[in-house]
Amino acid sequence: MDVVEEHDIQDKPTKKKTKKPKKQPKPPHENGNDSMIEKTEPEHVDAPAEFSFPPTFSVSEIKNKQRRHLMFMKLKQEKRKQKVAMKKKKKKERDALGDKAPPKEVPKTIENQRVYDETTVNPEDEEVAFDEGTDEFSAYFNRLTNPKVLITTSDRPRGRTVRFCNQLATVIPDAHVYYRRGLALKKVIPQCIARGFTYLMVINEDRKVPNGMVLCHLPDGPTAHFKVSSVRLRKEMKRRGKDPTEHSPEVILNNFTTRLGHSMGRLFAALFPHDPQFVGRQVATFHNQRDFIFFRFHRYIFKNEKRVGIQELGPRFTLKLRSLQKGTFDSKFGEYEWVLKRHENDVCRRRFNL
Amino acid sequence: MQHDDVIWDVIGNRAFCSFKVKTKVQNFCRNEYNITGLCNRSSCPLANSQYATIREEKGQCFLYMKVIERAAFPARMWEKVKLSKNYEKALEQIDQNLIYWPRFIRHKCKQRFTKITQYLIRIRKLTLKRQRKLVPLSRKVEAREKRKEEKALIAAQLDNAIEKELLERLKQGTYGDIYNFPIHAFDKALEHQDEESETDSEEEEDDEDVGKKEFVAEDEIEESDLSDFEDMDNLKAGSDEHEESSEEDESEEEMEEEPEASGSKGKMPLKGAVFRKKRAYVEIEYEQEMEPVPKSKAT
C-alpha cells in the first residue's frame, strides 16, 4: 500500500485548476509497480519536480482524451528540454576540450547508409573497361557515329506532350520530332535505321501529361523504359533565361556508380555530340539520386575561378528506370537485362540500383 | 391462346414490363431476342407470335425464328439457323427462311445482320492494330514514389552539384584557354613571390574580356546568385510605382514636401543594391493636410 500512496503523492499536478488531480488507473497496475520502480529511478531523478511522471505510467492509459493529450504534450516538452540540455552539455564539453575534442559526428543519411551494391564499378576494373570497349555504344565512343535522335510520342498526343517534345528537340542537337500517327514501333525501327538515326525516343502520354519514355539505341542497342515525372516546360520555369542556342551542350553525369548505372550513363552520353561547343556555355545534367535521374539544362558563366553562375533554361524532368532490354524495342520477346521489381527495393530502403 | 394485342396492351402501355427501359425521349427493350432494341408494338418479341431475329455468338451469326405453332412449347419456341459467313449468301438465306413473312421483319433482320457483320469486321481489324495496354496504378505506390522523388531532389542539391562539377572541369583544364583565370593552386603556392604576375594576369583578363558578354549588375553587389537580378528589377519597379503615386499626391495636395519625397524616392534605384544588404525596412512618410484656406465670401 505504501507503494501506491507514494505514487499518488508524486502524481503530476495539472496546471489547470479545473482538472482535479487524477484518480490514477493505478490499482490494476499495482503488481507491475514494484518491479518497475527500481528501473525507472534514474529517470525520476532527472525529471523536474513539478512534472515528475510516475515511472510506470504510460500516457496511453488515460481514458480521457483531453487529459491524455495534455499529458502527452507535457511529456514531449520534457523530452525536448532534456534533448536541449544534452546538446548544451555536449557543446560545453567540446569547447572545454578545444582542439582535443573528438571530430564532429557525421549525421547519417540515406546516401551514407546505402547498402553496398556488389555491382559498383571500380574505375580500374578491367572487365568493365573491356565490356565497354565492345558494347553497343563503343561505336559512338570511338567516334564512328554521330548521334541523330528521332523523338516521337504515343498516339494522339496532347498539347503538353507535343510542346515537351519540341523543347526536347531544341535541347538535344540534331533531334527530329515526328508525329506518331498510329505506327507500330517495330515497323518504325527498321526505317529509322535505314535513315541513319542512332536513337529513338518515344514519349508516352497519359491523361494529357507525359509519363513515360522509351529510349532505344538504334542499330541494335539496348532499349530503356523510363517513368517520367515532374515535367516542367520552359514557360513554367522561374527565372529562366533565353532559349537555348544551337550549340552542342556539355554533358554532366552524376552518381552513376553501379554496372547498370554505368550503362545508363553511356546511354545518356551517346545522345549528345562528342564535342561540346564551349562557346555556347550550355550544360545538360543527368543527376542520379536514389534511383531518380534528374535532368536539367543550364547556361553557365564563370565569374572567377572560384565561382560560377548557372541559369536554368530548357525543360526539366525526372526519370526512373523501369526496365532495360537488350536489343531494340520488343516488349514481348525481348531479353530483359534488368526489370524494376518493386518488392526488391521495398525490403530495404537503403538499397538502390543505379 | 396467343392474344398479341392483349399482351401488348398490358405490358406495352399499362402495366410493367421487366424488359422495358424508359428514357425521357424513348423506350428501349432489353429483351435479347428483340430485333430493333426499341420498345414498339411491332418490335416486341413477347407481343408478336410470329417473330424473327439475328443474333451473334463468337463471331457466328444465327437467324432465330418464332412461330405461333410452337407458342405452347417454350423449350422449342425459337428455331435457330446458322447463317453463312458470306454476306450475300447469308442475305439469301434470310430471304429463303423468311419468305412470306411480314416485310417489316424481313427488312429489320437484314439490317441487323448488316450491322453485326460490320462490327465484326471492325473487331477483326482492330485486333490487328496495336492495342493500348492499360496498366493499373496503385495510388499508394504512386504517392510513395512521389514522396521519394521529392526527398531525393532535396538530397541531390542539384545546383551545388552542377556548379561543383563545372568548377572541377575548369580546374582540370577541359575548357582549355577560353577562360584565362589564373590557376588557383599555383597562386596559393606562389602567393608572395608572384604578386606582379597576378597583376599582369588581371590586366590580361581585362584585355581578353573585351569582346565577351558578361552579366554585370548596375552596382556592386555580392553576386551570390544571378537570381538576385530579378528581385532587383522588382524592387526598381516598386520604387517607380511609388514615385508615380507620389506625383499624383503632389498635384492634389501641393505639398512642399514633394521635392523631398521624390528626392528620397529618386535615390532608391541607385541605392537599390546596397539597400538589399540591409534588412528590408519600410519608409513611412507622413503627409499632413493643410487646413483648407477659408474662402471669403464676397459680400
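Worth saying up front: this structure is predicted, and the values here are computed from it rather than measured. (Residues numbered from 1 in each chain as written. Chains lettered and ligands numbered in written order. Predicted model: local features only at pLDDT ≥ 70, side-chain atom pairs only at ≥ 80, totals over all residues. Heavy atoms only, no water.)

### Structural notes on the side chain of Asp291(A)
Residue and element names in this part refer to chain A.
Part 1 of the argument: Checked against the element boundaries, Asp291 lands in the loop between strand S7 (282–289) and strand S8 (292–304).
Part 2 of the argument: Although Asp291 is buried, it forms no salt bridge, and the closest oppositely charged side chain is Lys320 at an N-O distance of 5.5 Å.
Part 3 of the argument: Ignoring sequence-local partners within four residues, the contact set of Asp291 consists of Leu319, Lys320, Asn345, Phe352, Asn353 and Leu354. (Helix = DSSP H or I, 4+ residues; strand = E, 2+ residues; numbered from the N terminus. Buried < 20%, exposed > 50% of the residue type's maximum accessible area, 1.4 Å probe, protein only. Lys, Arg positive; Asp, Glu negative; His and termini not counted. Salt bridge = Lys/Arg side-chain N within 4 Å of Asp/Glu carboxyl O. Contact = heavy atoms within 4.5 Å.)

### Topic: the nonpolar core
Part 1 of the argument: Core analysis: the largest hydrophobic core is formed by 42 residues, its most contacted members being Ile151(A), Met201(A), Phe226(A), Met264(A), Phe268(A), Leu271(A) and Phe317(A).
Part 2 of the argument: Setting aside its immediate chain neighbours within four residues, Phe268(A) contacts Leu215(A), Phe226(A), Leu253(A), Phe256(A), Phe286(A), Ile293(A) and Leu319(A). (Core = buried A, V, L, I, M, F, W, Y, C linked by side-chain atoms within 4.5 Å.)

### Side note on the packing of aromatic side chains
Residues and elements named next belong to chain A.
Part 1 of the argument: Counted according to the given criterion, the structure contains 16 aromatic pairs over all chains.
Part 2 of the argument: Ring plane angle 50 degrees and centroid distance 6.2 Å describe the contact between Phe256 and Phe268, whose orientation is recorded as tilted. One end of the pair, Phe256, is in the loop between strand S6 (250–254) and helix H9 (259–269); the other, Phe268, is in helix H9, with 12 residues separating them in the sequence. Both residues of the pair, Phe256 and Phe268, count as buried.
Part 3 of the argument: A ring pair is formed by Phe286 and Phe295, whose centres lie 5.1 Å apart and whose planes are at 55 degrees; its orientation type is tilted. (Phe/Tyr/Trp six-rings, centres within 6.5 Å; stacked < 30°, edge-to-face > 60°.)

### Focus: helix H4 (residues 139–156) of chain B
Part 1 of the argument: Taking 1.5 Å per residue as the helical rise, H4(B) with its 18 residues ought to reach 26 Å, and the 25 Å between its terminal C-alpha atoms agrees with that figure.
Part 2 of the argument: All of the buried residues in H4(B) are Val141(B), Glu145(B), Glu149(B), Ala152(B) and Ala156(B). Along H4(B), the residues classed as buried sweep out an arc of 75 degrees about the axis, all on the same side. Opposite the packed face of H4(B), turned more than 90 degrees from it, sit the exposed residues Arg139(B), Lys140(B), Lys146(B) and Ile154(B).
Part 3 of the argument: Those residues of H4(B) hidden inside the fold are in contact with strand S5 (223–232), S7, S8, strand S9 (307–326) and helix H10 (342–347) of chain A together with helix H5 (158–172) of chain B. (Expected span 1.5 Å × (residues − 1). Arc of directions from axis to C-beta.)

### Description of the sheet that holds strand S3 (residues 51–57) of chain B
Strand pairing in a sheet relies on backbone hydrogen bonds, with the paired strands running either antiparallel or parallel.
All names here are of chain B.
Part 1 of the argument: Taken together, three strands build an open sheet; the order of strands is S3-S4-S5 and the sheet is antiparallel. The open sheet terminates on both sides in strands that have one partner only, identified here as S3 and strand S5 (78–82). Geometrically, the sheet is characterised by an average inter-axis angle of 25 degrees between neighbouring strands, direction not taken into account.
Part 2 of the argument: One ladder, built from seven bridges, connects S3 with strand S4 (residues 60–66); its direction is antiparallel. Bridging across to S4, Arg55 finds its partner in Phe62.
Part 3 of the argument: The strands touched by helix H2 (residues 87–97) are S3, S4 and S5; relative to S4, the strand with the most contacts, the crossing angle is about 10 degrees.
Part 4 of the argument: Set on the sheet, helix H3 (residues 103–128) makes contact with S3 and S4; between it and S3 the angle comes to about 10 degrees. (Pairing = 2+ DSSP bridges. Axes fitted to C-alpha atoms, helices over the stretch in contact; angles between N-to-C directions.)

None of this, on its own, says anything about what the molecule does.
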